[in-house]
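# A look at the structure
Here are the chains, one letter per residue:
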Amino acid sequence: MKILGIESSCDETAASVVEVDEVNGGNKTLSNVISSQISIHQKYGGVIPELAAREHVLNILPVINEALSLAKVNPNNIDLLGVTTGPGLITSLISGIETARSLAAVWNKPIVGVNHIAGHIYSGFLEQKTAPQFPLIILTVSGGHTNLVFMKNWEDFEVIGETLDDAAGEAFDKGAKMMNLAYPGGPAISQAANDFIVSGKSSSLEFPRPLINKGLNFSFSGLKTSLLYRLQKDKNWSKRISEYAFAYQEAIVDVLVAKVLTAIKKYQPQTVMLSGGVSANFRLRESLRSKLSEKHPGLTLLIPDFSFTTDNAAMIALAAYYAHQNNQSKAWQNLKVKVNFSL
Ligand code: KG4
Ligand code: ZN
């Protein structure tokens, strides 16, 4: 079965064709086109919704055309459409949804409205040859969300932990802004922190690890404030940016990894997965990998390929396939935007 996925919930316009092998449960990404708006929003230090919406309108059809042509398929070969219906920026979501609805109507195909976070969860299953071993614990860390999910089977999500304030990606983005680093903050902090690691020096800075031993929920706003106060007190902070980036990143990574270990103890999964934009973070990947091989060597760890960590439409196409199997596809007339779509 071939699925066309469409994603436009924030500042990436994306389309992808994914083919699912319905006999073995594996899948292949035939194309994965992403038009990023980072360079447009960079000078403002964050996403400007009106600018994002205008760019989506300009890019959506060329991006879909390219995804079809790179996959060497025409509309007749597409069996299903999947589009992100939320959560996200309403004016961004609408471009993808209205385009997908029109295509579903003209091509006469079924369509599924996909939850963006479910999409990130399915990103870990992309390019796999077989189905994963359930149950799973999934840590989804993005610019807007920080969730721990227990997944007993396809389409069976239980949110077992979430952030009480800022998302992990937001902590990276806002922290980077305080340190005058570029947007998006995650890659900028990660790069600066890496410079410190490579220097071989040891750091005297220590940031709080909020809620680290308290249940499965997260909180990052206190950590952000702590960075602000430290920078205000230190006249020479700009000479120590890489050290600040390193210590700040260590605090975020330590909390994320500790929560996954707590969830493993409580839920006894067979597989652990990391997903979302922050899962591109090298230190987070390495720390989780080494803690799991030390404490839970029998567990399988799934981490998506870098190309599937930040927003993309391949994850939306695969999520749409499983939702369709679960009878969640709709006639195009019934597909609506769901800004606060919860899992
Ligand atoms: O999943 P995503 O592309 O969009 C949302 O759904 O929010 O995630 C974007 C977030 C941003 O906050 C960005 O700073 C963060 O992912 N990010 C990273 C890295 N690459 C992207 N955070 C830490 N380290 C990275 N290497
Ligand atoms: Zn995302």
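Residues numbered from 1 in each chain as written. Chains lettered and ligands numbered in written order. Predicted model: local features only at pLDDT ≥ 70, side-chain atom pairs only at ≥ 80, totals over all residues. Heavy atoms only, no water.

### Examining the domain arrangement of the protein chain
For clarity, the threshold we go by: An automatic or database domain assignment supplies the start and end points of every domain. Contacts are residue-level and defined by heavy atoms, with any inter-residue pair within 4.5 Å sufficient. Buried area, as used here, totals the accessible surface that two parts lose on assembly, with accessibility defined by a 1.4 Å probe and the loss added over both.
Taken domain by domain, the protein chain holds domain 1 (2-127 + 307-334) and domain 2 (136-304). Placing the centre of domain 1 and that of domain 2 at their C-alpha centroids yields a distance of 27 Å. Facing 25 residues of domain 1, the contacting portion of domain 2 comprises 24 residues. Between domain 1 and domain 2, roughly 1,900 Å² of surface is buried when both sides are summed, and carbon and sulfur atoms account for 72% of that area.

### Quick notes on the packing of helix 6 (residues 185-199) against helix 8 (residues 241-267)
Applicable threshold: Note on definitions: angles span 0 to 180 degrees between N-to-C directions of axes, and those axes are lines fitted to C-alpha atoms, for helices only across the stretch in contact. Helix numbers and strand numbers start at the N terminus; a helix is a DSSP run of H or I with at least 4 residues, a strand a run of E with at least 2. These descriptions rest on fixed angle ranges, namely under 35 degrees for roughly parallel, over 145 for roughly antiparallel, 65 to 115 for roughly perpendicular, and the rest for oblique. Side-chain classes follow a simple rule in which Ala, Val, Leu, Ile, Met, Phe, Trp, Tyr, Cys and Pro form the nonpolar group, Asp, Glu, Lys and Arg form the charged group, and the remainder, Gly included, forms the polar group.
Direction vectors running N to C along helix 6 and helix 8 enclose 105°, while the axes themselves pass 7 Å from each other. Between helix 6 and helix 8, the angle is such that the two are roughly perpendicular. On helix 8, the residues touching I189, S190, A192, A193, D195, F196 and I197 of helix 6 are S242, E243, A245, F246, Y248 and Q249. A class-by-class count of the residues in the contact of helix 6 with helix 8 yields 8 nonpolar, 3 polar and 2 charged.

### A look at the nonpolar core
In plain terms, the rule: Take the buried Ala, Val, Leu, Ile, Met, Phe, Trp, Tyr and Cys residues and link them wherever side-chain atoms come within 4.5 Å; each set so joined is a nonpolar core. Each residue's exposure class comes from its accessible area (1.4 Å probe, protein chains only) as a fraction of the maximum for that residue type: buried when under 20%, exposed when over 50%, partly exposed otherwise.
Among the nonpolar cores identified, the biggest contains 48 residues, and L148, F220, I252 and L256 are the most heavily contacted of them. Those elements that place two or more of their residues in this core are strand 6 (136-141), strand 7 (146-153), helix 5 (168-178), helix 6, helix 7 (221-233), helix 8, strand 9 (271-275) and helix 9 (282-295). Sequence-distant contacts of I252, that is, excluding residues within four places in its chain, are made with A168, A171, F172, F220 and L223. Core analysis: the second largest hydrophobic core is formed by 29 residues, V112, M273, A314 and Y321 among them.

### Considering the sheet that holds strand 8 (residues 156-162)
Note the threshold: Strand pairing is assigned whenever DSSP identifies at least 2 bridges connecting the two strands.
In space, the 5 strands of this open sheet follow the order 8-7-6-9-10, with mixed pairing throughout. Each having just a single partner strand, strand 8 and strand 10 (300-302) make up the two edges of the open sheet. Mean inter-strand twist for the sheet, computed between neighbouring axes without regard to direction, equals 20°. Relative to strand 7, strand 6 is paired through 6 bridges, and the arrangement is antiparallel. Of the residues in strand 7, the one forming a bridge with L136 is M151.

### Some thoughts on the pattern of salt bridges
Once their charged atoms are close, side chains differing in charge can pair, the charge on each being opposite to the other. Selection criterion: Counted as salt bridges are all cases of a side-chain nitrogen of Lys or Arg within 4 Å of a carboxyl oxygen of Asp or Glu.
Summed over the entire model, instances satisfying the criterion amount to 10 salt bridges. The partner of E206 in a salt bridge is R209, and the shortest N-O contact between them spans 3.7 Å. A salt bridge links R283 to E250, with the nearest nitrogen and oxygen atoms 2.6 Å apart. Of this pair, R283 sits in helix 9 while E250 sits in helix 8; the two residues are 33 residues apart in sequence, bridging distant segments of the chain. Each of E206, R209 and D254 takes part in a single network of salt bridges with overlapping partners.

### Points about the packing of aromatic side chains
Threshold: For Phe, Tyr and Trp, rings pair up if their centres lie within 6.5 Å, where Trp contributes its six-membered ring, and each pair is then called stacked (planes under 30 degrees apart), edge-to-face (over 60) or tilted (otherwise). For a lysine, the NZ atom is tested; for an arginine, the CZ atom; a charge sits over a ring if that atom is within 6 Å of the ring centre and within 35 degrees of the ring normal.
Here the structure, examined in full by the defined rule, presents 13 aromatic pairs. Residues Y122 and Y322 carry aromatic rings whose centres are separated by 5.5 Å and whose planes lie at 15° to one another, so their mutual orientation is stacked. Of this pair, Y122 sits in helix 4 (residues 116-123) while Y322 sits in helix 10 (residues 314-325), placing them 200 residues apart in sequence. On the basis of relative accessibility, which here comes to 0%, the residue Y122 falls in the buried class. Judged by centre distance (5.1 Å) and plane angle (35°), the ring pair of F196 and F246 falls under tilted. Residue F196 is found in helix 6, and its partner F246 is found in helix 8; the two are separated by 50 residues along the sequence. With relative accessibility at 6%, the residue F196 sits in the buried group. Accessibility expressed as a relative area gives 15% for F246, which makes it buried. Chaining the aromatic ring pairs together yields one cluster made of Y122, F125, F134, W154, F157, Y321 and Y322. Above the plane of the ring of F207 lies R230, whose end atom (NZ or CZ) is 5.0 Å from the centre. For the cation-ring pair, K338 lies above F341, with the distance from its terminal atom to the ring centre recorded as 4.1 Å.

### Focus on the coordination of the zinc ion (ligand 2)
The line we're drawing: Metal sites are built from N, O and S donor atoms within 2.8 Å, or 3.2 Å for Na, K and Ca, and they leave out water, so they may look incomplete.
Within the protein, the zinc ion (ligand 2) binds to H116 (NE2), H120 (NE2) and D311 (OD); these donor distances fall in the range 2.0 to 2.1 Å. Counting the intervening residues between successive donors of the zinc ion (ligand 2) yields the motif H-x3-H-x190-D. With H116 in helix 4 and D311 in the loop between strand 10 and helix 10, this pair connects stretches of sequence that are 195 residues apart. As far as burial versus exposure is concerned, H116 and D311 are alike and both buried.

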